[in-house]
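Fold and contact review
One-letter residues, chain by chain:
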Amino acid sequence: QVQLMEFGGGLVQPGGSLKLSCAASGSIVSINTMGWYRQGPGKAREFVAGINSGGESTIHADSVKGRFTISIDNAKNTVYLQMNSMRPEDTAVYYCHAIITGISGQRNYWGQGTQVTVSS
C-alpha cells in the first residue's frame, strides 16, 4: 500500500510565504509524477503544479506562475510547493497527488489535504 502524507499548511498573511511538503511511503516501485491540487471554499478542485520524477519537467497553473514553485527530492520521495507572495484567493485545502507504480501496478494516489489560509 502507498500513502501520501502532507505537511506545512497553516495561516499566513497576504504577501507572505509558506512551504508545503508531501512524502510518499509504502510499497513504491517507481514514482511517475507528483503534484498539487487545491480546493477553495465553494469551488471545484483545481490543478496547481506538477513535476516529473526526475524534476526536469514542471508545470504551474497560470494563477500561481511566478509565485509558487514545485520541486522534488527523489531520495526522500517527497514533493514540495514553495508558495510566495500569497494572496487571499490562495486560501484552500491543498492536496498532494501522485502517479505511482507499486506492487499492484500504476495508480493515482491522493493525500488527505492540508488547509492553507491567507488572511490578515
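For every chain, the first residue of the written sequence is number 1, and numbering continues from 1 along that sequence. Predicted model: local features are reported for residues with pLDDT of at least 70 only, side-chain atom pairs are reported and counted for 80 or more only, and whole-chain, interface and lining totals are derived from all residues. Side-chain calculation: all heavy atoms of the structure are included, whereas hydrogens and water are not.

Helix and strand definitions here come from DSSP, where helices need a minimum of 4 consecutive H or I residues and strands a minimum of 2 consecutive E residues; each element is numbered from the N-terminal end. The helix and strand tally for the protein chain stands at zero helices and 11 strands. Just to be clear, the radius of gyration here is over C-alpha atoms, and the globule rule we use is 2.2 Å times residues to the power 0.38. The C-alpha radius of gyration computed for the protein chain amounts to 14 Å, which stays within 12% of the reference 14 Å derived for 120 residues, consistent with globular compactness. With respect to the principal axes defined by its C-alpha atoms, the protein chain has extents near 45 × 25 × 20 Å. Taking all 120 residues of the protein chain together, 42% fall into the buried category. Carbon and sulfur atoms provide 48% of the accessible area of the protein chain, an area that totals close to 6100 Å². For the purpose of charge, His is not counted, nor are the chain termini; Lys and Arg are scored as positive and Asp and Glu as negative. Lysine's charge is taken at NZ, arginine's at CZ, aspartate's at CG and glutamate's at CD. Distance between charge centres in the protein chain, computed from 9 positive and 7 negative side chains, equals 2 Å. Relative accessible area decides the class of each residue, using a 1.4 Å probe on protein chains only: under 20% of the type maximum gives buried, over 50% gives exposed, and in between gives partly exposed. Methods summary: accessible areas were calculated by the Shrake-Rupley approach with a probe of 1.4 Å, and residue burial reflects only the protein chains presented.

The subject of this paragraph is the pattern of salt bridges. Just to be clear on terms, a salt bridge is a Lys or Arg side-chain nitrogen sitting within 4 Å of an Asp or Glu carboxyl oxygen. Applying the stated criterion across every chain yields a total of four salt bridges. Between Arg38 and Glu46 there is a salt bridge whose closest N-O contact spans 2.6 Å. Taking relative accessible area as the criterion, Glu46 reaches 36% and is therefore assigned partly exposed. The residue Asp90 makes a salt bridge to Arg38 at a minimum N-O spacing of 3.0 Å. One end of the pair, Asp90, is in the loop between β8 (78-83) and β9 (92-102); the other, Arg38, is in strand β4 (residues 28-39), with 52 residues separating them in the sequence. Per residue, the accessibility class of Asp90 equals that of Arg38, and both read buried.

In this section: the state of the cysteines. Disulfide: a pair of cysteine sulfur atoms within 2.5 Å of each other. In this structure the tally under the stated criterion is one disulfide. Across a sulfur-sulfur distance of 2.1 Å, Cys22 and Cys96 are joined as a disulfide pair. An S-S torsion of about -80 degrees defines the bridge between Cys22 and Cys96 as left-handed. Here Cys96 lies in strand β9 and Cys22 lies in strand β3 (residues 18-26), a separation of 74 residues in the sequence. Cys22 gets classed as buried once you look at its relative accessible area, which sits at 0%.

Right, let's get into the packing of aromatic side chains. Stacked, edge-to-face and tilted labels apply to pairs of Phe, Tyr and Trp rings (six-membered ring for Trp) whose centres lie within 6.5 Å, assigned for plane angles under 30 degrees, over 60, and everything in between, in that order. Under the criterion given, the structure shown has two aromatic pairs. Relative to Phe47, the ring of Tyr37 lies with its centre 5.5 Å away and its plane at 80 degrees, an arrangement referred to as edge-to-face. A residue pair is termed long-range when its members are at least 10 positions apart, and Tyr37 in strand β4 and Phe47 in strand β5 (residues 46-52) qualify at 10 residues. Relative to Trp110, the ring of Tyr37 has its centre 5.0 Å away and its plane inclined at 65 degrees; by these criteria the two rings are edge-to-face. Remark: Trp110 occurs in strand β10 (residues 105-110) and Tyr37 occurs in strand β4; sequence separation between them is 73 residues.

The residue Asn77 is not glycine, and still its phi comes out positive at about 50 degrees. The topology assignment puts Asn77 in the loop between β7 (68-73) and β8. Exposure remark for Asn77: the relative accessible area of 25% places this residue in the partly exposed category. For Ser85, which is not glycine, the phi torsion reads 50 degrees and is therefore positive. You can see Ser85 is positioned in the loop between β8 and β9. For Ser85, a relative accessible area of 42% corresponds to the partly exposed category.

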